[in-house]
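Structural description and commentary
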Amino acid sequence: MATKTNAVRLVQQAKIPVQERFYEFDETDLSGTHAASAIGMNPEQVFKTLVARGEKTGINVFCIPVCCDLDLKKAAKAAGDKNMELVAVKELLGLTGYIRGGCSPVGMKKKYPTFFDETASLWEEIAVSAGARGHQMLLPPEALAALVGAKFVDIII
């Protein structure tokens, strides 16, 4: 069994019910749809964590279904900014403490404004990265949002 990640520990410390799912990841396919398939979940219920930089607001975190794309205009509006662009993959580790394919909204180096697509609230349970490639955690979206201070907004195309 793999070791517990900091993200899982933080969720457990907050007394949020969580289940872990492990899967073999493929270095050539770090897509969220691969993760959803590997853990046997609907891609609309598995959320990827994207990090973007606003012109005025700086770093923001967006969690959206793996089968969808982030609408940068809606993301900027949600964050109270005019423009938003995804950060370069090479910046991810320094900003969040996570690498591509293992970025979790829980346990980042700093607390950034965080937004979940509103569809997350339609599910009793969603999956997000547990902070490592090949490791997902399943938990109630409202409890997760409360833990990271996230708002539910319309941010997908």
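Report on the accompanying structure.

Rules behind the numbers
- Residues numbered from 1 in each chain as written.
- Predicted model: local features only at pLDDT ≥ 70, side-chain atom pairs only at ≥ 80, totals over all residues.
- Heavy atoms only, no water.
- Buried < 20%, exposed > 50% of the residue type's maximum accessible area, 1.4 Å probe, protein only.
- Helix = DSSP H or I, 4+ residues; strand = E, 2+ residues; numbered from the N terminus.
- Pairing = 2+ DSSP bridges.
- Core = buried A, V, L, I, M, F, W, Y, C linked by side-chain atoms within 4.5 Å.
- Salt bridge = Lys/Arg side-chain N within 4 Å of Asp/Glu carboxyl O.

A few words on the pairing of strand β6 (residues 126-132). Extensive coverage of β6 is indicated by the burial of five of its seven residues. Where β6 lies against strand β7 (residues 135-139), five bridges are found, and the strand directions are antiparallel. What sits directly across from V128, in β7, is M137. Where β6 folds back onto β7 in an antiparallel hairpin, the turn is made up of two residues, including G134, whose phi is positive at roughly 80°.

F116 and M137 are the most contacted members of the largest nonpolar core, which totals 29 residues. Elements with a contribution of two residues or more to this core: α1 (6-13), β2 (47-54), β3 (58-65), α4 (89-96), β6, β7 and α5 (141-148). Formed by 14 residues, the second largest nonpolar core is a distinct cluster that contains F62, C68, A76 and F115.

This part takes up the pattern of salt bridges. Under the definition given, this model contains three salt bridges. D154 is paired through a salt bridge with K74; the nearest N and O atoms lie 3.2 Å apart. Here the residue D154 occupies a position in the segment after β8 (151-153), and K74 occupies one in helix α3 (residues 72-79), the gap between them amounting to 80 residues. According to the relative accessible area criterion, K74 is partly exposed, its value standing at 30%.

Moving on: the pairing of β3. Among the eight residues in β3, seven count as buried, and that is most of the element. Where β2 lies against β3, eight bridges are found, and the strand directions are antiparallel. Bridging from a neighbouring strand, T49 pairs with C63 of β3. In this structure, the hairpin formed by β2 and β3 is closed by a connection of three residues. Note: β3 against strand β5 (residues 114-117), three bridges, orientation parallel. In the strand pairing of β5, V61 is matched with T114.

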